[in-house]
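Spelled out from the first residue to the last, the chains are:
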Amino acid sequence: MIVLVPIAFAAGVITVFTPCILPVLPIVLAGGPGTTRRPYAIAAGLVTTFTAFLLAGAWLWGLLGIGKQHQIQIGAVLLGLLALTLIVPRIGEWAERPLAFMTRYRVGDLGGGFVLGAALGLVFIPCGGPVLAALTSNVGRDRVGGWLVVIALAYAIGAALPLLAIAAGSRRVATSFRTHAQAVRVAGGVLMAAAAVVIYNGWAESLQTKVPSYAQWVQDRIEGNGQAEDQLAHLSGARQSTQKYPQAPDIQGITAWINSAPLTMERLRGKVVLVDFWTYSCINCLRTLPYLKSWDERYRSKGLVILGLHSPEFSFEHSLGNVRQAVHRLGIHYPVALDNDFATWSAYQNQYWPADYLVDRTGHIREVHFGEGAYAQTEQKIRQLLATKLPPALAEPDRTPTELRTPESYLGYARIGNYDGSPLHTNSPAQYTFPSSLLKDSFAYAGTWTVGSTRILAGPGARLRLNFLARSVHLVLTGRGDVHVKLNGRPLRTVHITADKLYTLATQPRAQEGLLELSFTPGLSAYAFTFG
């Protein structure tokens with residue numbers, strides 16, 4: 001595991017040479033001038049908050065009921081206040097006064113540098129490579145240990161050192177203009193304030209996407225080499241198999257079977273098996289079903305067994321009755337196993353819905369595919385493994401959405417990411433109001449809601465607004481009642497909630513932006529938006 005420490009440090013250094021640095025670079029340049037100790041204070045503040053919020057931010061912000069967008073805005077506001085201390089000397093003196101008793105040094109300059117670095121830690125969102133992905137994945141599964149802290153610190157220090165050099169360089173340049181020190185200070189404050197406005201309004205993201213990732217090849221060679229991949233897999237609890245075709249783990253820990261008696265990989269030896277991890281409210285899983293059902297109908301008699309491992313994402317998907325209804329409603333005739341305790345999911349070291357593992361007749365995994373798409377390639381591999389006389393391959397086109405669209409959005413506080421409404425009050429009924437406007441790809445509540453960890457429960461006057469970009473909008477709902485749907489201010493439809501499942505709220509001819517407003521019958525629960 002110690003090998004990952006220098007790799008994480010190098011990954012942090014490289015991050016500073018990617019487009020991610022663009023939003024914070026003006027702030028570092030403007031904040032560097034001051035005492036010789038100020039750049040070090042900026043670096044220390046950045047390392048402290050970036051590491052702390054990387055490891056415990058989701059838990060802490062969840063307690064405070066503050067969404068991701070508001071976290072960044074808090075950092076931007078703090079940067080704006082620091083900019084004022086540079087532009088207006090009297091405000092700077094007032095801010096330094098409470099700390100003056102602590103030391104004979106210019107505490108305000110040193111302390112201001114630390115606060116500046118701390119604010120940067122809130123708004124600095126690196127272009128994540130495998131190291132950062134492994135760190136956030138482990139934190140998301142509550143796996144924070146000693147090595148994880150050390151690796152996170154190494155990453156943060158790696159990102160902070162180039163910024164330290166930039167701040168120190170700007171200080172030296174500013175020193176050469178001593179006769180115009182106040183003008184340099186004010187200019188730096190204006191530059192910092194402008195950057196804070198850009199970050200607060202989310203304009204930086206658009207800029208980053210337009211600039212090519214000119215350090216990607218270096219990042220791939222450092223974080224994507226074999227040794228790094230092995231250590232990251234070990235950090236995540238996954239074992240890298242040394243076999244070209246590893247043995248498929250057995251089916252285990254199943255709580256119930258649908259459409260079949262209990263099966264094992266030993267009993268299926270001699271068959272080609274497609275193990276499909278899915279859950280019935282997942283829109284990505286539902287879009288793969290037509291292909292799975294076609295393959296089952298076409299190749300079952302030739303030796304193919306499709307095995308649906310139902311691994312629930314939400315609590316209501318643990319119910320055997322709910323899964324039975326979904327299997328019947330969706331017209332699934334192949335075996336479905338309820339992996340409610342994620343025993344088989346863990347045996348396969350799986351992390352995705354949907355995920356397909358293609359197993360040959362000898363019980364070895366020959367092909368793995370995560371997510372939607374690549375249906376023609378999967379079918380071709382099935383045909384190769386069956387190795388017998390077969391009907392012609394399907395001519396069905398791949399309908400996987402490829403256009404830009406709003407990402408999946410969870411409504412409960414545990415995984416909330418793009419909430420843009422009034423402050424959250426968790427696990428108890430509270431009154432909410434809509435903001436005057438919604439950020440892109442964000443949502444907000446109005447009326448009475450109880451915001452739980454995985455769902456929101458509607459009370460009197462419960463409404464929800466969503467600013468989205470997509471062709472279709474879907475929402476996971478439970479309970480019994482109605483959802484009245486408005487699109488861009490006009491009534492669209494009323495959705496009758498009669499079962500615990502995924503519902504389609506709106507469809508459009510093509511992917512385009514829209515403002516959705518939903519009104520809920522009290523007692524209904526909503527879990528997550530997905531988009532097509």
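Details of the structure are given in the entry above.
Now for a description of the structure that goes with this document. None of these values were measured; they are calculated from a predicted model.

Turning next to the overall build of the protein chain. Looking only at helices and strands, the protein chain features 16 helices and 15 strands. Relative to all contacts within the protein chain whose residues are 6 or more apart in sequence, the contacts with residues 24 or more apart total 76%. A total accessible area of about 24600 Å² is found for the protein chain, and carbon and sulfur atoms account for 59% of it.

This part is about helix 16 (residues 375-386). Its twelve residues give helix 16 an end-to-end C-alpha distance of 16 Å, which sits within 8% of 16 Å, the value for a rise of 1.5 Å per residue. Residues of helix 16 that are buried make contact with strand 2 (272-278), helix 13 (283-299), strand 3 (304-310), strand 5 (355-359) and strand 6 (365-370).

As a general feature of sheets, a regular strand has side chains that alternate between the two faces. Only one face of strand 12 (residues 481-487) is covered, namely the one carrying Gly481, Val483, Val485 and Leu487; the face carrying Asp482, His484 and Lys486 has none of its residues buried. In terms of strand pairing, strand 12 meets strand 13 (residues 490-497) through seven bridges, oriented antiparallel. Directly across from Val483, in strand 13, lies its bridge partner Val495. If you look at the hairpin formed by strand 12 and strand 13, you'll find two residues sitting between the two strands, and Asn488 has a positive phi there, around 55°. Here strand 12 pairs with strand 14 (residues 501-520) via five bridges, running antiparallel. Paired with His484 across the bridge in strand 14 is Ser519.

Scanning the entire structure with this criterion turns up eight salt bridges. The shortest N-O distance in the salt bridge between Glu517 and Arg465 comes to 2.9 Å. With Glu517 in strand 14 and Arg465 in strand 11 (residues 463-478), this residue pair connects regions lying 52 residues apart in the sequence. Take Glu517: its relative accessible area is 14%, and that puts it in the buried class. Using a relative accessible area of 24% as the deciding quantity, one classes Arg465 as partly exposed. Asp500 serves as the salt-bridge partner of Arg480, at 3.4 Å between the closest nitrogen and oxygen. Here Asp500 lies in the loop between strand 13 and strand 14 and Arg480 lies in the loop between strand 11 and strand 12, a separation of 20 residues in the sequence. For Arg480, a relative accessible area of 53% corresponds to the exposed category. Within the structure, one salt-bridge network assembled from shared partners comprises Arg463, Arg465 and Glu517.

In this structure, Asn322 sits in helix 14 (residues 320-330). When the C-alpha positions of Asn322 and Ala499 are compared, they lie 8.1 Å apart, and in sequence the two are 177 residues distant. Excluding residues within four positions of it along the chain, Asn322 makes contact with Tyr280, Phe316 and Asp500.

Time to look at the packing of aromatic side chains. Counted according to the given criterion, the structure contains 21 aromatic pairs. Aromatic side chains Phe342 and Trp345 sit 5.2 Å apart centroid to centroid with 80° between the ring planes, which places their arrangement in the edge-to-face category. The class of Trp345 is buried, set by a relative accessible area of 10%. The rings of Phe277, Phe342, Trp345, Tyr348, Tyr352, Trp353, Tyr357 and Phe370 are connected pair by pair, giving a single aromatic cluster. Against the face of Tyr410 rests Arg415, its NZ or CZ located 3.8 Å from the ring centre.

The rules we used
- Counting restarts for each chain: residues are numbered from 1 in the order of the written sequence.
- Per-residue local features of the predicted model are confined to residues with pLDDT of at least 70, and side-chain atom pairs are confined, for both listing and counting, to 80 or more; whole-chain, interface and lining totals are unaffected and use all residues.
- Excluded from the side-chain calculation are hydrogens and water; included are all heavy atoms of the structure.
- Helix and strand labels come from DSSP, where a helix needs a run of H or I of at least four residues and a strand needs a run of E of at least two; each type is numbered from the N terminus.
- When checking whether two residues touch, look at their non-hydrogen atoms; a contact exists if any pair is within 4.5 Å.
- Accessible surface is estimated by sampling points in the Shrake-Rupley manner with a 1.4 Å probe; for residues, cover comes only from the protein chains shown.
- A helix is expected to span 1.5 Å multiplied by its residue count minus one.
- Using a 1.4 Å probe on the protein chains alone, a residue whose accessible area is under 20% of its type maximum counts as buried, one over 50% counts as exposed, and one in between counts as partly exposed.
- Any two strands with at least two DSSP bridges between them are considered paired.
- Within this document, salt bridges are pairs made up of a side-chain nitrogen of Lys or Arg and a carboxyl oxygen of Asp or Glu, the two lying within 4 Å of each other.
- Only the six-membered ring of Trp is used, alongside the rings of Phe and Tyr, when aromatic pairs are assigned; centres must lie within 6.5 Å, and planes under 30 degrees apart are stacked while those over 60 apart are edge-to-face, with the rest tilted.
- Cation placement over rings: the criterion is NZ of Lys or CZ of Arg within 6 Å of the ring centroid and within 35° of the ring normal.

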